[in-house]
Every structure is written in C-alpha cells, then in structure tokens.
Amino acid sequence: MNGDLHVFMGRQQVLKRVVRIPNLMYDKSYVYSVVPTLEYDEERYQTPCQRATYDATGKGAHLHEPIKSVPTALLIVLLGLYLLLAYLTQLVEDDMPKVVNESDVARDNSVTFSEEAAWRYIHIIQGTEPRVTGTKYHLKKTKDLKELLDSVAEQSNLPIRTDWQMVTGDYWLSFVNLYQNVSNIIALLEGESGFLPNGTIGTSLLVNCHYDSVPFALGTSDDAIFCAAMIETLSKLSRRSQKLRHNVIFLFNGAEENGLQASHAFLKHEWAKGVTNVVNLDSAGMNGKPIIFQASDPRLLSMYQSVVNRPNAQSVGEFMFANGIIPSDTDFRIWRDFGDIHGIDIAFSKWGHVYHTRYDCDDFVKTGVVQNAGNMLLALVPAAAGNAELETKIEPSVVVYFDFLNWFLVSYTYGASVAVDLLVALFACLTVAYYVWLVGLKMTTVQELLFAMLGRVLSTLAGILIVAIFVLIMVATTVQLRYLAQPWLVVPMYWLPYAITAVCVAQAFDAWRTKRSGLNRCIRTMQAQAATRSILAFILIIMTCIPSTATLRYFVTVPLFIISLMSLASLTVIRYVRLQAWQHLLMEVLWSVPSTMFVLTLALRLCALMLPIMGRNGSNAPDYLIAIINTGIAAIVLCTVSGIELLFSRKRLWMVVAPVAITCIVLMFIPFSPYQDDGPSVQRHYWFHSEIISYDYNNAETDCVSGIVVTKIDAYSTSRVLPALREKGINLESRTDFADDCQRYVLCNLPLGSGWLGRNLVNALFLYTGPPAPFVPDNTLTVQNKTCSGSTCIFDFVMIAPAQNLITIRPHANVNLTSWTFDSPARPTFIQDSRLIYLIYHSRATYSDVFAPLQFNVTLSVPAYAQSQPIMDVALHSHLNNHPEEFTQEYRNILNAVPKYFNIATSLSRRKNYVF
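Treat the numbers as computed from the prediction; the structure is a model and nothing was measured.

**Q** Would you explain the side chain of Asn280 in this entry?
**A** Here Asn280 lies in strand E7 (residues 275-283). Side-chain polar atoms of Asn280 contact the side chain of Asp345, separated by 2.8 Å. Sequence-distant contacts of Asn280, that is, excluding residues within four places in its chain, are made with Asn208, Thr330, Asp331, Phe332, Trp335, Ile344, Asp345 and Ile346.

**Q** I'm lost on the packing of helix H13 (residues 443-477) against helix H15 (residues 521-544) in this one. Help?
**A** Two numbers describe a pair of packed helices, the interaxial angle and the distance between the axes. It is the contact of H13 with H15, at a shortest axis distance of 8 Å, that shows an interaxial angle of 70°. One finds that H13 runs roughly perpendicular with respect to H15. In this structure, H13 contributes Glu448, Leu449, Ala452, Met453, Arg456 and Val457 to the contact, and H15 contributes Gln527, Ala528, Ala530, Ala531, Thr532, Ser534 and Ile535. Class assignment of the residues belonging to the contact of H13 with H15 gives a composition of 8 nonpolar, 3 polar and 2 charged.

**Q** Is there a simple way to think about the state of the cysteines in this case?
**A** A covalent bond bridging the sulfur atoms of two cysteines is what the word disulfide describes. Taken as a whole and assessed by the stated rule, the structure comprises 3 disulfides. The disulfide that involves Cys209 links it to Cys227, with 2.2 Å between the sulfurs. Sign of the S-S torsion, about 110° for the bond between Cys209 and Cys227, identifies this disulfide as right-handed. Of this pair, Cys209 sits in strand E5 (residues 204-210) while Cys227 sits in helix H6 (residues 220-237), placing them 18 residues apart in sequence.

**Q** I tried to follow the sheet that holds strand E16 (residues 780-789) on my own but got confused; where do I start?
**A** Within a beta sheet, neighbouring strands are joined by backbone hydrogen bonds and run either parallel or antiparallel to one another. The antiparallel open sheet is built from 4 strands, whose spatial order is E16-E17-E22-E19. Edge positions in the sheet fall to E16 and strand E19 (816-820), since each of these pairs with one other strand and no more. The mean inter-strand angle of the sheet, taken between neighbouring strand axes irrespective of direction, is 25°. Pairing analysis gives 8 bridges linking strand E17 (residues 792-800) to strand E22 (residues 854-861), with the strands arranged antiparallel. By the bridge assignment for E22, Thr792 is matched with Ser861.

**Q** Any chance you could explain the side chain of Ser564 here in plain terms?
**A** One can find Ser564 in helix H16 (residues 554-576). Note on Ser564: relative accessible area 0%, which makes it buried. Non-local contacts of Ser564, meaning those with residues more than four positions away in its chain, are made with Phe427, Ala428, Thr431 and Arg533.

**Q** Looking at this model, I keep getting lost on the environment of Ile541. Mind explaining?
**A** Relative to the assigned elements, Ile541 resides in helix H15. Ile541 sits in the partly exposed class, given a relative accessible area of 35%. Distance from Ile541 to Leu423, taken between C-alpha atoms, is 9.8 Å for residues 118 residues apart in sequence. With sequence-adjacent residues up to four places away left out, Ile541 is seen in contact with Leu422 and Ala425.

**Q** I keep staring at the packing of aromatic side chains and nothing clicks. Help me out?
**A** One pair of aromatic rings is described through two measures. These are the centre distance and the angle between the planes. The final tally for this structure, using the stated rule, is 32 aromatic pairs. Taking the centre distance of 5.1 Å and the plane angle of 75° together, the rings of Tyr171 and Phe338 count as edge-to-face. Placement of Tyr171 in strand E3 (residues 160-172) and of Phe338 in the loop between helix H10 (332-337) and strand E9 (342-348) is noted, with a sequence separation of 167 residues between them. Residue classification places Tyr171 among the buried positions, given a relative accessible area of 3%. Taking the relative accessible area as the measure of exposure, Phe338 reaches 34% and is therefore partly exposed. Plain terms: the ring middles of Phe797 and Phe856 are 5.3 Å apart, the flat faces sit at 25° to each other, and that makes the pair stacked.

The rules we used
Residues numbered from 1 in each chain as written. Predicted model: local features only at pLDDT ≥ 70, side-chain atom pairs only at ≥ 80, totals over all residues. Heavy atoms only, no water. Helix = DSSP H or I, 4+ residues; strand = E, 2+ residues; numbered from the N terminus. Polar contact = N/O pair within 3.5 Å; in protein donor to acceptor, adjacent residues only side chain to side chain. Contact = heavy atoms within 4.5 Å. Axes fitted to C-alpha atoms, helices over the stretch in contact; angles between N-to-C directions. Parallel < 35°, antiparallel > 145°, perpendicular 65-115°, else oblique. Nonpolar A, V, L, I, M, F, W, Y, C, P; charged D, E, K, R; others polar. Disulfide = S-S within 2.5 Å. Pairing = 2+ DSSP bridges. Buried < 20%, exposed > 50% of the residue type's maximum accessible area, 1.4 Å probe, protein only. Phe/Tyr/Trp six-rings, centres within 6.5 Å; stacked < 30°, edge-to-face > 60°.

This is the structure in structure tokens:
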C-alpha cells in the first residue's frame, strides 16, 4: 500500500526517487512503508495489486500528513472531564424514584408501592431492640409480625393463609447446625394453583426475608426493609380482583443470623413442597439499589429483566462467593443446596460499613431507597407468579448477567457466554485487521503494531510497579484502612499513580518509536488502540479457557466490544476526513463515554462492596487486596481511553504531571483515621466476657481463668484496645500469643460463638478480669450413660445450657467417631495435630422460660485396651447474646471506657473442657 505517499520537509512537500549508490541498494524492508520516506519510487515499488487495493480504500494523502499536537496542559482538563464522568456515574448509581405517600394510593390499587406504608411496617418489625434469636424481644417481635400479617389477611380481597411454624432439626454446613424451636412466620397468597385435593399445595413462588438481627444492631437494612417491602407487596397484591397463576409464599424467617437455620427449617413445612422458585432478599449494607448477585434460574432472571425499571445485577458476585472473597452467606445457599429450589438472590450491597453494626438503623436510610426496593419487588413478584414457565423446577445453571447503568439488563447462559466472549474477541481482532488494512498491508505495519503492544504492556507493568512500591511504603509507614471513612482516597492512592505512570511510560515509548516509524499522531493513536484491543482479545481468549471465570469475563468482554465498535467509527472517520489532533481527541473522548461509564459503574460497585469488607476480614495487610482490585479496575478504565494520550505534546509533560503526582503522594501519607466517632465508619469488635474451666477424667476442676476475649476482626481491632483503656486509667494484664494453645487445644482453648471467628483466634487479645455473672442454670455437659460392646462405645450426653452453644469433640488417637443421633452425617470439621475435630453448633432459636436439656448420643470405635482410659476431649462453649442486663459492673466500666468508634458486639461466655 505505497501509493502517493508524501513527506513533509519543513512546509514543502518533496517527492524523491531512489538513488542508486554503488554496492548499496536502498532496502525498503527497514523502512515503515506507509509513511513518507526520503527515497520513493512509485513506479518501481507499487505493484498492480497494491494500486488496486489503494483505489478500493479511497485513502487520501492526509492519513500521513503531520498534525499539530494538543497542548500538554490540557491533560489536566482531560483528567477533570473523566473525574466529572465518574461523578455523573455515581449520580446515576444513586438516583432514586420519587417517594409515594400512602394517601396517594387508592384502596383498590394493586400496582403502586408506597414507601410511607412500608416505613410503618419497618417500625413494627424492627422495634427498639435487636431481635436476636432466643431472646425475649425476638419472641415479642415474632408475635407482632404474626399479628401484622393476620391484619393484612383480614383486609384482603384474595385468600391469604398465615402460619407460625416452630420446628427442630439439624443439617451439615461444614459443621452440624442444630436448631430447636426455630420460628418462621409465613403468609401464603393463594393463586390459581391453590391447594390440591390430596391436601398438598400447588405450584408456588417463594419470597424470603429474615426478621432476626445480630446482637447490638437494630437491623433496619438487614433485613427489616425487605420484610416491610414484602408486607406492602402482599398487601397490594391481595387487592387484586383476580388470582395470580401460582401461589406466592411470603416467608419471614426468624433465624438467618444463626447459620441460616430458619430457611432450612422451612423446608420441613408442607407448603415448601410446592415451591418451584425463590426470590431471596437480604442485605450486606444499606442504601443504593438492591443488586442481584446470585442466580441459578435464568427464567426468573429473564422476568426481572423484563419488568424492573432500574435493573441492578452483577454476576461477579457468583465468582466472589465461590472463591470466598465475600466472607458471608445468605439463605440462597439453603434453597439451592438443600431444597433444590432455584431463583435469584437480591441484597443491598452499598454502605457495607454499617452492616452488622449499631448504625444499621433507620436514621441512615436515604429517601427513596425503600421506594425503589418496593417498586422492584412489586413488579417482579406478580410477573413471576403469573408466568406459566415456572410451573416446574429446572436444573440450576450458570448465568452471566450485568446491567448497563441501571438502564437495561443483559443475561445469557454459560454456553452462550463462551460463544459471546469468543465472538467479541474475534470482532476485536477484525477491527485490528481493519486498522492494518487501512494503514498498509505490510510487514512493517505488523511490526510497528507489535511494538505498540509492547509499549502498552510496559506502561501497564510500570503503573502496577509504581502502585506496588507506594503501597508497600504506605503499609509500612502509615495507617491502613483509611478508605473506610474516606472512600475517595482510592483515587489518589491507586488510580492516579497508575494512570500517571502509564501515561508517562507510554509517551516515552512513543517518542522512541516515532523516531523510527515517522507515524503522525492520529495513526499512532489508532495503532495504540489497536494494540490494546489485541491484548484484551488475547486475555479474553485465555479467560474463556477457564470455566470458573465465566461470571467474571464480562469485565473484559463488554468494554472490549464497545471500544472495538467505536474503533470502526474512528477508523472510518480518519480514513475520509483530515482531523487535527484536538478534533481527533474530542472524537475519541466522545466514543469512550459508554465503555468508560460501564467500567466506572463496576468500579463504584466493587469498591462499595470490597472497601467495607476489609474492615472485617481480619487481614494484617488489607490494603494489598484493595490495591490489587483498584489497580486492576484502573487498568481496564485506561484501556477504554487507550492511545489518546499520544495526541498530546510531550513538551513540559513533567510540569503537568508533577503537581498531580505530588498531590497524590501527600494524600497517600496523611494519616486519615479509618474510623468515625459518630459513624457510620466504625471499628468492628467481637468481645466475649468469658470464664474457661477445665476438668480432668474424674471430673475434678484443674484450671479456671476468666477475662475478655477480643477477636481480631480488622488490622487494628486488637492492638488499639489496651492503649484506649490505659488512656481512661484502666490497666489490665493481657495476653496476645496463642500460637502454642492453638496447636494443643481445640479453638485455642478460647470460647467461640461461631465457627468463622475461629480463623483468627491465634491473633486474639485476652484481658484478665473477673468472671461474667453466673449462668442460670449453669452450663453443664454430662455423660448420663456409657456402654461399650466389643470395639464400640456409646456415650449418652445431657447438656444443660443457654440458647447459643458450640460443642467440640476431639477423639483420642486410634478412636474414631462413627455416628451420632443427629440427622447430619458424622463428619469432622477440620483436622488438628492429626486428630479429627467435630463441631456442633446448637441454638434454641425461640425464647422459652424453661430450657429442656438437650440429650444426644455419640458412637465411637474404640480398641478394647483403650476403653478404660480417656477416649475423647469435649468442650462446651455457651453464650448469652445481647444480654446487657447481665453485665458485671467491672465489664460495664470497661465497655464505657472504649472510644466511640469501637462497635462492640459482645457475648457472655463460659467454656468448659471435659475429658471422657
């Protein structure tokens, strides 16, 4: 493609011919063929094929004319424009519908949700205290909820049945999850499927929330808002004149925070047999639009897609749950794994710093949030309950889904995702081929493209390296977790250092290649963009070969598709129109808006989820993970605007970059506090005011120690306790090194309320104090009977304990636990020092004045010679959750002395170690 190429020397166009020099012939293989060269022979080097190709493309000489660069100072303006774009994206994310008042909705209106009415339900459900399972207040709110649903049923146009289920059972969830008297409040809106003549229920849609809360938190968002939205939805649908096709079961489960117990309990209900699909509603934060983050039935996702005006869904949640990045779970797991019930999982995910804290209260809920959630639910439920497709269950399938700026939702199956991703990669490659064809089908074109790819890779690696260096220095010298209180800090800490470095390296590399290729700025920009598309296409192809990335790949697929599509427009415009650099820049900025806003949406949502999680993951260096996530997102954002930096002049680049870089460095090392005294960014604490008593084989007490166990929840949750207490004049003896105990004893010989806290017990802080107030009745575990026959020994246990307990069993060497009375299989939870450890989590989930003893037996295989010796070590961890009236005065004084930013969820605990 060498036709009519020109070179500019000064301002005059000069066309020269090849000059023959003895023993030296011009070798065009070393000259980039598509730009003007000092030697050119049209007749000699232009083949008929090239002339025909040139005539077909219709290119003009303007493709190769030098153009004036954009002044470097305007880089600041460009940065400001993209920061403004990020702000506008945030506004789109936070936009909420207008609130509908109850007085504006007619009595027979069945399609309009009212936030005002929902708030009335929230106040009834929530009350004024935490609704912790097993407490008196939880029982009171259970009764209030039943009465509320009964009143809705009384005013209904359609049949509504209500029930208070109370059930006992157990199941395996990495440990035995044993529950007694779990309460579920259920309302069934009868549809055309109704009840069958044999007494069973017809096809039904299940809608689930939980009304219990964690200790010392009101749980407005988790999960009173969705429970109230369900009641308002039930009330509105009950005003219909015609039944829906399927029954709708509104389940208000009473023990989600107890290891998902109540949802498992509902599976024992007769109504559960007719359920074909589920809409699960929960929360891991507050405010914003509730997001679909798990889906196992594409039919329900399709219905959501067709009726919800502000769709919000990201399948990356599936990847994060599967890989343990999100340290929590929802009832969706029970429906999927135990009930073979599939559907969608929806939750609030923003403002995760209020999750399970005292700030999860109605004071922090923004106007319109409840209205938006209710609009979504009231649109989705009748659409699903009226759809004939949901008459049967289907096998669960992997679904890829995402929304575009809450405008529309895209979803497709795993099989389709492979095809979509490969087609997008192929499409990107074709746009690269279009660039090569447009510029010149020569080896030198490909060589320069490969050099451009190298430049893109080097600029990316340089940006990552600079961020890594600064992160290492920040972790070593300043405060981590500052983004908890100041989320915007991720921009100067990670985004801008990466972007500044990548741009500078890209400009330096471009300066080197320009001397050798002679390409003008427009062509170099298009070349850089083609190089970026090539790299992203290659990455996408590699990811497609890894099935586990299916729900994550759209992070690359969508921006790659958009920038590839826009590149066709850019290349075509450049082909026919001579643009100045500033005109080219404006065009590229305009084209980049859709892809950049999409990636910014992902960044905002991912940061809103992940930044607060770092405040409860127990890591010593949480900033490393946040740096990786944000640098990765920044790299994708820069891919959407790749190459446009080459339109700017390199002169005095340092004068533009230096002020921004200095500002970033200053902000990096300002020791902003991660926490706020008046919320909502707090430091999470789980404290156990404990007594630990050990007994020997003859049941004689051998050791007793009491104090406060402070578990490690974030990087500073244990280190800040002692200085804070000393500042208030409280000096306590303490212990921090539990490495030896964690090797010798189950769970480090510390009391534990739930299994997930055990991962950081080795880093716990123990404050020596007086014991907690005595339990009434005292917690005890006794062997009522022991019988051995042959190599089999059966122990009959009787446990007297409060509502929340954990039992650990550690058989001795050569002893195997073979069975027990629980329905769950006799599986170990983990192995310690070559010995199997069995965990049984026990809960009396509904309050009773009298706790009947728990009786169970354990069968072990024991060699005859060992049957007269100790066979197993057993520990009973008992807890009183949310019982401040039982605190000793000493413990009250300690709690009152801590800083306001401490958010302490505390339990009274007693661990007893037995040898049987």
